[in-house]
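# Residue-level structure breakdown
Below, each chain spelled out in residue letters.
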Amino acid sequence: AMVACDEKENEPETTASDLADNTLVYDGTTYHMDAGQSFYHTGLTTVDAVSQETDGSGNFMVSFGRLHIRPTMWNKTVDVLTVNNDAETWQCGFQGVLFGEYSDVTESFSACKIGIKGNNDGTPVTVTLDGTLKNGKTLQMKLVANSQYK
């Protein structure tokens, strides 16, 4: 006798790394991001991004900025809410129509992991973010920044 089971396989959880490049998903809504990097010196690169989507007044729906990448931050993923190392001060945040005024990641999220892949040499930088805001909504983002931000 043969027994058939309708067991549903556990699907792996989607992470920001699974998103298309330059995509942000906020509470199930997808935004397309324009990302860029600025190289200041061997100790600092920054990444900024804005959504291609705007409101009726031309304001960006989402703006992400001020991500300061220090030498110790390259090529790892960290929980930014638990990092306690002055060399890894995670300065970054969101603003725009969805977020209103500038909203610092460490103040607005109840859970947040940021990953940075690349090198401080002008080649493309990939930034991923998996988080839950204090309002309970989820946010995932994958940026690939390979040029000076304009």
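First things first, this report covers the structure right here in the doc. Since this is a predicted model, take the numbers as computed values, not measurements.

## Concerning the overall build of the chain
- Counting its regular elements, the chain contains one helix and 10 strands.
- Across the chain, helices and strands are ordered from the amino to the carboxyl terminus as β-β-β-β-β-β-β-α-β-β-β.
- Evaluated residue by residue, the chain yields a buried proportion of 42% over its 150 residues.
- Contacts spanning at least 24 positions in sequence make up 52% of the contacts within the chain whose residues lie at least 6 apart.
- Here the chain displays about 8700 Å² of accessible surface, and carbon together with sulfur accounts for 46% of that area.

## Quick look at unusual backbone geometry
- Unusually for a residue other than glycine, D27 sits at a positive phi of about 55 degrees.
- As for its position among the elements, D27 is in the loop between β1 (23-26) and β2 (29-41).
- Take D27: its relative accessible area is 43%, and that puts it in the partly exposed class.
- Its identity is not glycine, yet N75 carries a phi of approximately 60 degrees, on the positive side.
- Among the secondary structure elements, N75 is positioned in the loop between β4 (63-69) and β5 (76-79).
- We classify N75 as partly exposed; its relative accessible area is 47%.

## Brief notes about the side chain of T45
- Mapped onto the fold, T45 is located in strand β3 (residues 44-51).
- Classification of T45 as buried rests on a relative accessible area of 0%.

## As for the side chain of S51
- By secondary structure assignment, the location of S51 is in strand β3.
- Polar contacts involving the side chain of S51 include one to the main-chain amide nitrogen of M61, which spans 3.1 Å.
- Those residues in contact with S51, other than ones at most four positions away along the chain, are Y31, H32, M33, F60, M61 and V62.

## Quick look at the pairing of strand β6 (residues 93-96)
- The sheet contact formed by β4 and β6 spans three bridges and is antiparallel. Looking across to β6, one finds that S63 is bridged to Q95.
- As judged from the three bridges shared by β6 and strand β7 (residues 100-104), these two strands associate in the antiparallel manner. If you follow F94 over to β7, its bridge partner there is S103.

## Some words on the packing of aromatic side chains
- Using the criterion set out here, one finds four aromatic pairs in the structure.
- Both rings, one in F64 and one in F94, keep their centres 5.0 Å apart while their planes meet at 50 degrees; by these two values the pair is tilted. Here F64 is found in strand β4, whereas its partner F94 is found in strand β6, with 30 residues between them in sequence.
- Here F94 falls in the buried class, since its relative accessible area comes to 1%.
- On the basis of an interplanar angle of 40 degrees and a centroid distance of 6.2 Å, the ring pair of F94 and F109 is categorised as tilted. Of this pair, F94 sits in strand β6 while F109 sits in strand β8 (residues 109-117), placing them 15 residues apart in sequence.

Criteria and cut-off values
Residues numbered from 1 in each chain as written. Predicted model: local features only at pLDDT ≥ 70, side-chain atom pairs only at ≥ 80, totals over all residues. Heavy atoms only, no water. Helix = DSSP H or I, 4+ residues; strand = E, 2+ residues; numbered from the N terminus. Buried < 20%, exposed > 50% of the residue type's maximum accessible area, 1.4 Å probe, protein only. Contact = heavy atoms within 4.5 Å. Areas by Shrake-Rupley, 256 points an atom, 1.4 Å probe, with all protein chains shown as cover. Polar contact = N/O pair within 3.5 Å; in protein donor to acceptor, adjacent residues only side chain to side chain. Pairing = 2+ DSSP bridges. Phe/Tyr/Trp six-rings, centres within 6.5 Å; stacked < 30°, edge-to-face > 60°.

Purely geometric numbers; function is a separate question.
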